[in-house]
Amino acid sequence: MITREAVLNLANLSKLYLEESEIENAQKEIEGMVNFADEINKINIDFEDLPELESISNAFHEDEIKESFPQEKILENVDGGKDGYFHIKKFN
């Protein structure tokens, strides 16, 4: 079971502020995530039964520099933005 203290410690490390009313729900949510991860870890996969994975020897590739969209075109989606940037309201 994920304790209240563990939730508060995780929130602190994540620089999140939880209202008192949110802590219990966060405990349940984190507990669900941990349980899901535990279930995933229990799965026994024999990779020899997955031949399509055998052909992948190196999934990395060189970076490619590509032309990006013009800034003006992107900012059309937010009515032109503010001073050439996306304007995001600050929440208290």
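How each quantity is defined
- Residues numbered from 1 in each chain as written.
- Predicted model: local features only at pLDDT ≥ 70, side-chain atom pairs only at ≥ 80, totals over all residues.
- Heavy atoms only, no water.
- Helix = DSSP H or I, 4+ residues; strand = E, 2+ residues; numbered from the N terminus.
- Areas by Shrake-Rupley, 256 points an atom, 1.4 Å probe, with all protein chains shown as cover.
- Salt bridge = Lys/Arg side-chain N within 4 Å of Asp/Glu carboxyl O.
- Buried < 20%, exposed > 50% of the residue type's maximum accessible area, 1.4 Å probe, protein only.
- Expected span 1.5 Å × (residues − 1).
- Contact = heavy atoms within 4.5 Å.
- Axes fitted to C-alpha atoms, helices over the stretch in contact; angles between N-to-C directions.
- Parallel < 35°, antiparallel > 145°, perpendicular 65-115°, else oblique.
- Nonpolar A, V, L, I, M, F, W, Y, C, P; charged D, E, K, R; others polar.

### Looking at the overall build of the protein chain
At step 1: Secondary structure assignment for the protein chain yields four helices and zero strands.
At step 2: Reading the protein chain from its N end, one meets helices and strands in the order α-α-α-α.
At step 3: Approximately 9300 Å² of the protein chain is accessible, and the part contributed by carbon and sulfur atoms is 54%.

### Details of the pattern of salt bridges
At step 1: Taken as a whole, this structure holds four salt bridges when the rule is applied.
At step 2: Of the charged contacts, one joins R4 and E20 as a salt bridge, the two residues approaching to 2.8 Å between their closest N and O atoms. Of this pair, R4 sits in helix α1 (residues 4-13) while E20 is found in helix α2 (residues 20-42), placing the two residues 16 residues apart along the sequence.
At step 3: The class of R4 is partly exposed, set by a relative accessible area of 33%.
At step 4: In this structure E20 comes out as exposed when scored by relative accessible area, which is 55%.
At step 5: A salt bridge links K73 to E76; the nearest nitrogen and oxygen atoms lie 3.8 Å apart.
At step 6: For K73, a relative accessible area of 49% translates into the label partly exposed.
At step 7: Judged by relative accessible area, which is 51%, E76 ranks as exposed.

### Let's talk about α2
Turn by turn, an α-helix covers 3.6 residues, leaving residues three or four places apart pointing in a common direction.
At step 1: The first and last C-alpha atoms of α2 sit 34 Å apart over 23 residues, in line with the 33 Å expected at 1.5 Å per residue.
At step 2: Taken together, the buried positions of α2 are occupied by I23, A26, Q27 and I30.
At step 3: Looking at the buried residues of α2, the elements they touch are α1.

### Description of the packing of α1 against α2
At step 1: Interaxial distance between α1 and α2 falls to 9 Å at its minimum, and their mutual angle equals 100 degrees. Between α1 and α2, the angle falls in the class roughly perpendicular. Residues R4, V7, L8 and L10 of α1 form the contact with α2, whose own contacting residues are E20, I23, A26, Q27 and I30.
At step 2: Looking at side-chain class alone, the contact of α1 with α2 contains six nonpolar, one polar and two charged residues.

### Some remarks on unusual backbone geometry
At step 1: In the Ramachandran plot, K15 falls in the positive-phi region, its phi being about 60 degrees despite a non-glycine side chain.
At step 2: Within the chain, D83 stands out as a residue other than glycine whose phi angle is a positive 55 degrees.
At step 3: Within the secondary structure, D83 sits in the segment after α4 (71-75).
At step 4: The exposed category is assigned to D83, whose relative accessible area is 69%.

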